[in-house]
Amino acid sequence: MGMGMGREKMGVRRVMGIILMVLITKISWGESRMVGGIIECSMVTAQVSACSTFITYGAPDPIPGSPCCDAVVGLNAIASVSVDNRRSLCGCLMGLIASYTPNATAISTLPGFCGISLGFNLDPNTDCNLVDGGGI
């Protein structure tokens, strides 16, 4: 009985440690995703990574409700809070398009596949400083 209790305590500690790690990660992600109301590109890149298979291989097409589309819809929700957020999202996505030039078309088609409009064109020629509130 004494040995079983030791294992049980270790199991509880392990579970508590995992829960604590998850909570710390969620809190730090929440704090780092926006600074002064402006979206950080590291958060955008992390969200768009849910679409990495489509961006890399062009298939399978993302569909509403998929993790990829949920990420794109989430970015749009954050961007819709303010014009600064929308412009920041635009700049971050343009940076991704520039970084992944061969896959720029895949990135630019994400909003359409997911059934949303970001309020600006995902095109290398888009001037993010001219992006408006898109109905904010």
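All figures in this text were calculated on a predicted structure; none of them were measured in a lab. (Residues numbered from 1 in each chain as written. Predicted model: local features only at pLDDT ≥ 70, side-chain atom pairs only at ≥ 80, totals over all residues. Heavy atoms only, no water.)

Undergrad: Got a sec to walk through the packing of helix H2 (residues 41-48) against helix H4 (residues 67-79)? Specific residues and values, please.
TA: Axis separation between H2 and H4 bottoms out at 8 Å; the angle between their running directions is 155 degrees. Overall, the two elements H2 and H4 adopt an arrangement that is roughly antiparallel. Considering how the two elements wind past one another, H2 and H4 form a crossing that is left-handed. Two secondary-structure elements touch here, H2 through Met-43, Val-44, Gln-47 and Val-48 and H4 through Ala-71, Leu-75 and Ile-78. Classifying every residue of the contact of H2 with H4 by side-chain character gives six nonpolar, one polar and no charged. (Axes fitted to C-alpha atoms, helices over the stretch in contact; angles between N-to-C directions. Helix = DSSP H or I, 4+ residues; strand = E, 2+ residues; numbered from the N terminus. Parallel < 35°, antiparallel > 145°, perpendicular 65-115°, else oblique. Left-handed = near helix turned anticlockwise from the far one by under 90°. Contact = heavy atoms within 4.5 Å. Nonpolar A, V, L, I, M, F, W, Y, C, P; charged D, E, K, R; others polar.)

Undergrad: Tell me about helix H5 (residues 83-99), residues and numbers included.
TA: In a regular helix each residue adds 1.5 Å, so 17 residues correspond to 24 Å; H5 covers 24 Å between its end C-alpha atoms and thus fits that length. Along H5, the residues classified as buried are Asn-85, Arg-86, Ser-88, Leu-89, Cys-90, Cys-92, Leu-93, Met-94, Leu-96 and Ile-97. (Expected span 1.5 Å × (residues − 1). Buried < 20%, exposed > 50% of the residue type's maximum accessible area, 1.4 Å probe, protein only.)

Undergrad: Give me empty space enclosed by the protein: which residues, what numbers.
TA: The rolling of a water-molecule-sized probe over the atoms marks out the regions of remaining empty space. Applying the stated criterion across every chain, the model contains one cavity of 30 Å³ or more. In this model, the largest cavity occupies a volume close to 60 Å³. Around the largest cavity sit Val-48, Val-72, Leu-75, Leu-93, Ile-107, Leu-110, Pro-111, Leu-118 and Leu-122, which together line it. Going through the elements one at a time, H4 and helix H6 (104-113) are the ones with two or more residues in the lining of the largest cavity. Here the lining of the largest cavity gets three residues from one element, more than from any other, and that element is H6. In the lining of the largest cavity, the residues fall into nine nonpolar, no polar and no charged. (1 Å grid on protein atoms, 1.4 Å probe; cavity = no way out; pocket = protein on both sides within 12 Å on 5 of 7 lines; lining within 4 Å. Points joined across faces, edges and corners; volume = space filled by probe spheres on them.)

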